Amino acid sequence: MSDPTSGSLVTTPPPEQPGIVADTAPVDAGLPKAKRDKPRGLLGDAWYDLRRKPLFWISAGFITLFVLIAAFPFLFTSGSPTSGSLSRSLEGPGSSGWFGYDIQGQDIYSRVIYGARASILVAVSATLGTVLLGGLVGVIAGFRGGWVDALLSRIADVFFGIPFVLGAIVILFSLNPRGAGSNEWKIMGLVILALVMLTWPVAMRIMRSSVLAAKQADYVVAARAMGASNTRIIFKHLIPNCLAPVLVYSTILVGAYIGAEATLSFLGVGLQSPVVSWGVMISDSQQYIRVAPYWLLFPSAFLVTAVLSFVMLGEAVREALDPKLR
Amino acid sequence: MGRYVLRRLLQLIPVFFGTTLLIYWLVWSVPGDPFAGKCGERACPDSYIQFMTEKYHLDDPLPVQYIYYMGHLLTGDFGQTFGGRDISEIISQAYPNTLKLALVGLTIEAIIGLTAGILTGLRRNGFLDNLVLVSTLFLLAIPTFVSGFLLQFILGVQIGIINPTVSADAPFSELIVPGFVLASVSMAYVARLTRTSIAENSRSDYVRTAVAKGLPQRRVVGVHLLRNSLIPVITFLGTDLGALMGGAIVTEGIFSINGIGREVYRAIVTKESATVVGIVVVLVMVYLLMNLLVDLLYAALDPRIRYE
Amino acid sequence: MSNVYVADQPEAAREGRPSGRLLEVEDLRVEFRTRDGVAKVINGVTYHVDAGETLAVLGESGSGKSVTAQTIMGILDTPPGFVTGGEVRFHGKDMLKMSGEERRRIRGEGIAMVFQDALSALNPVFTVGFQIAEQFRIRRGMSRRDAKKRAVEMLDQVKIPNAQQRLNEYPHQFSGGMRQRVMIAMSLALDPEVLIADEPTTALDVTVQAQIMDLLADLQRERHMGLILITHDLGVVADVADRIAVMYAGRIVEEGDVHELYAKPAHPYTLGLLESIPRIDEKGQQLRTIRGLPPSLLNIPSGCPFHPRCPMAQPICPEKVPPLLQLGPTRASACHFAEELVQRD
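Residues numbered from 1 in each chain as written. Chains lettered and ligands numbered in written order. Predicted model: local features only at pLDDT ≥ 70, side-chain atom pairs only at ≥ 80, totals over all residues.

*Asks:* Any chance you could break down the overall build of chain C for me, citing the residues and the numbers?
*Replies:* Along the backbone of chain C there are 14 helices and twelve strands. Whereas a compact globule of 345 residues would reach a radius of gyration of roughly 20 Å, chain C reaches 21 Å, a difference of no more than 12%. Dimensions along the principal axes, computed over C-alpha positions, put chain C at roughly 70 × 55 × 45 Å. Across the 345 residues in chain C, those meeting the buried criterion constitute 47%. (Helix = DSSP H or I, 4+ residues; strand = E, 2+ residues; numbered from the N terminus. Rg over C-alpha atoms; globule rule 2.2 N^0.38 Å. Buried ≥ 20, exposed ≤ 12 C-beta atoms within 10 Å, placed from the backbone.)

*Asks:* Account for the sheet that holds strand β11 (residues 325-326) of chain C, with residues named and values stated.
*Replies:* Residue and element names in this part refer to chain C. Here we have eight strands laid out as an open sheet, ordered β6-β7-β8-β3-β9-β10-β12-β11, and mixed in their pairing. Strands at the two margins of the open sheet, each flanked by one partner only, are β6 (111-114) and β11. In the sheet, β11 pairs with strand β12 (residues 332-333) via two bridges, with the strands oriented antiparallel. Bridging across to β12, Leu325 finds its partner in Ser333. (Pairing = 2+ DSSP bridges.)

*Asks:* I'd like a description of the sheet that holds strand β1 (residues 23-34) of chain C, backed by residues and values.
*Replies:* Residue and element names in this part refer to chain C. Strand order in the open sheet made by the four strands is β2-β1-β4-β5, with antiparallel pairing throughout. Of all strands in the sheet, those bounded by a partner on one side alone are β2 (37-49) and β5 (93-94). With ten bridges joining them, β1 and β2 adopt antiparallel strand pairing. Bridge assignment links Arg29 to a residue of β2, and that residue is Asn43. Helix-sheet contacts for helix α2 (residues 65-73) involve β1, β2 and β4 (81-90), and the interaxial angle to β1 is about 110 degrees. (Contact = placed C-beta atoms within 7 Å. Axes fitted to C-alpha atoms, helices over the stretch in contact; angles between N-to-C directions.)

*Asks:* Residue-level account of the interface of chain B and chain A, with values.
*Replies:* On the side of chain A, 35 residues touch chain B, which itself brings 47 residues to the contact. Tallying contributions element by element places helix α1 (residues 2-28) of chain B first for the side of chain B that touches chain A, with nine residues. The residue inventory of the side of chain B that touches chain A, partitioned by class, reads 33 nonpolar, eleven polar and three charged. (Nonpolar A, V, L, I, M, F, W, Y, C, P; charged D, E, K, R; others polar.)

*Asks:* Outline the nonpolar core, listing residues and values.
*Replies:* With 269 residues, the main nonpolar core has Ile169, Val170, Val191 and Tyr257 of chain A together with Ala185, Ile196 and Ile228 of chain C as its most contacted residues. Among the elements that make up this core, the one with the highest residue count is helix α10 (residues 293-321) of chain A (18 residues). In contact with Tyr257 of chain A, other than residues within four places in its own chain, are Val122, Ala123, Ala126, Thr127 and Leu195 of chain A. (Core = buried A, V, L, I, M, F, W, Y, C linked by C-beta atoms within 7 Å.)

*Asks:* Report on the confidence of the model for chain A, specifying residues and quantitative values.
*Replies:* Residue and element names in this part refer to chain A. Averaged over all residues, the pLDDT of chain A equals 77, while 83% of them reach at least 70. Looking across chain A, the model is least confident in helix α1 (residues 42-51), with a mean pLDDT of 74, and most confident in helix α4 (residues 146-160), with 91. Counting interchain partners and residues more than four positions distant, the pLDDT-below-50 stretch residues 1-37 has 54 contacts. (pLDDT = per-residue confidence, 0-100.)

*Asks:* Any details on unusual backbone geometry? Residues and values, ideally.
*Replies:* All names here are of chain C. Of note in the backbone geometry, His91 takes a positive phi value of approximately 50 degrees without being a glycine. Following the sequence through the fold, His91 ends up in the loop between β4 and β5. At Asp191, a residue that is not glycine, the phi angle is positive and equals roughly 55 degrees. As for its placement among the helices and strands, Asp191 is situated in the loop between α8 (176-188) and β7 (194-198). Residue classification places Asp191 among the partly exposed residues on the basis of 13 C-beta atoms within 10 Å.

*Asks:* Could you give an account of the pairing of β6 of chain C, naming the residues involved and the relevant values?
*Replies:* One face of the sheet, then the other: side chains in a regular strand alternate in exactly this way. All names here are of chain C. Residues Ile111 and Met113 point to one face of β6 and Ala112 and Val114 to the other, with burial holding for every one of them. Relative to β7, β6 runs parallel, the two sharing four bridges. Note that in β7 the partner of Ala112 across the bridge is Leu195.

*Asks:* Describe the packing of helix α5 (residues 164-175) of chain A against helix α11 (residues 260-269) of chain B, with residues and values.
*Replies:* Two numbers describe how α5 of chain A lies on α11 of chain B: the axes approach to 10 Å, and their chain directions differ by 5 degrees. On the basis of their axis angle, the class for α5 of chain A and α11 of chain B is roughly parallel. Facing Leu166, Ile169, Val170 and Phe173 of chain A of α5 of chain A, the residues of α11 of chain B in contact are Val264, Tyr265 and Ile268 of chain B. Of the residues that constitute the contact of α5 of chain A with α11 of chain B, the class distribution is seven nonpolar, no polar and no charged. (Parallel < 35°, antiparallel > 145°, perpendicular 65-115°, else oblique.)

This is the structure in structure tokens:
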């Protein structure tokens, strides 16, 4: 992450080459031609910046890879994540199983590949849910103000006050006690629900403070003076200007949720068999870490890389959208 | 200032009741027989069931249950586990360990995070800056349980310089590595937040004025710049303490620390609903109070807030 | 008053330069290196100010007047700003060649500066008393109590009522005009020989503006300071200044005694500025303006930078940069047709 204005404010070094360039000739020579003639918007500017950052391309590359793995796992492995033969139990990495085999003889590589789907699907869905719910409530609270704001903020505080891991365990345990043997989608849905329920207040606060700040802005006052209706103001003026922090937050949130799902699975309350996810694998590998460290290693590596990519992308997007770094 | 405090206290009360009610409902509305598995292998005797049902008003509608429960709570009676242990005893034994862990974590987070943040905020784009940026990125991305696991394995089992698990009375020295694990994500965040805050404030007008006054750079940075830049960081540290105290379940589990996180996890899994609610109530209360303290701290640090 | 630099004067005299000039900028050149190119912000600026006199530096936004001041003080943002030529002499010694520590000592004691927006220029988390007393404590080594007393005295000098109480208040608790007084008090704490006021009244109401200008004039007189007043407002300048330097596109285009300049401007730009002031006896007539816009400093027009907007432009104007011509002992103008301009009507 490079900061274009590095260097200390507090010293002014002596002139570069005193005495040079005493001419009074036109000043034009050698300037780069103006890059573009018509102005881009903030998003256009951001994209322009984003395109030139290696951080963006690296993270985007990884993310694309992970999305492909999640969507088309069969492209990356011909093996099966759930069929295994006990004869291969805990075998190390080799030519047939690149990442080795777990206690049940299942191919770790296949499981890691198929596990991407659950992890990423849960993370992306939960992010969408959180941002939509939180964003909506935040806009309403910020825009209406008064008792509506007070009420919605208190409700958000109630959910905000629940410690995350604790709350997730309680929710998941209450709604899906272990061993209930429900189907894959129900389990994933419950995890998504838990994540959204516990995190939407944060999205709400971000949106609300953006809206509060934007509401005071002159361009909103001007729009109102010209007779714009509330809906128009919200959709055409407020939301586009409040998108930036929410966008950054969502990107990072996907990464955080991948980690959160893994943590919950590790604790035994998140996804469970027969669902395959990186968290489930890490959880299962706990006891065998000394004899089969690769069982822990590979899912962890994928997990960390996935989270890292999203966090990096979020950073790149934040820098690109930050008007102060212009 | 007084009005500000009063207003915040008033806001706190409905939130406290709202959160505890929510948790109560979630915990007690678990489908199935609340007495399953409580009395060992056999089903519980009827007399016992009747006694417990009366005691916790399990036959009444939920809001009524809740009111009775809170009533007891506010007089200090947390009730008992299904096995007869005093819940307040469980809490008072386990909580100090969690507190110790949280404090160790906060100290580590503050020291390392602030140092890294200040150094890189002042001198960006150097080797140190890139090092810090990359390492914080990694720390942010590694979930607690992974880092906990790894450190426990590498330091405790492979190299063996620490105990893989923490002993029963949880001395501070043994809590250093668990504290580090607990605080690792926050530490990265503190470093970045400090760095950004310092970088932004370096360009502000009042710093320019301080330089124009001819003050030595040490003072411009150490007094004027830091005093302003650290406000968001200090308030974050305050809220994080509240979060650390409530979120150590994973760390306590991995390092076998007898803290409140372990107790609550155990209680959830064995359906000791009263224990769960009791512990959560305490945690929520602590969290809300911490938030209030942080708000006061913020007002103390930034005079512009005081006179709203 | 610090006399550390008086010792340098004999040196200056020995070298044949006129000593006694308090603060002198000579052929200063500063450029800003940005993503979009190099902006030539200051292109050969020369002016001076002596003890007891007020120099007004007049110009639109982007003319380089503030950047010159920042370069004098040594608070230029580097990067993107770089000094590429010229000298800034205080008591004859070039500050640009001094060490950081030497320059620092001059700030506050030799040359002090007052900024436009007092609310952002003052530190929001420290009391006003703290910020003023700081100068006495840190630079003069006074005790806390003595410094506090001196701070109260300074607040009295800038006519802030209830100084003793207001000492413990924070900047945001003052009104705009009061805040500006606080900044002035702070800047004068160490008895500087030169005060640079960068648009000190731009952010204030008109009535408060007049008060602040009066205050500055009084303080300057009492302390026999040199005052550099940077502004874009002709009205503010008329009463207070002794001399005016008009800047455009990083250059001085006209210089002179204030009365002469107002009566007979010697540069089309100055003429345009004066004519554009609305006059009550011209009510009902069209307002006069200078057509066009100030140039982008990334792309300054060739020759005379004002020629695209000049009603008197001739073929020579885009070709050759007009040098700053002396028209008299105190007058100079950078226009090919300066003499004609002065002599007409």
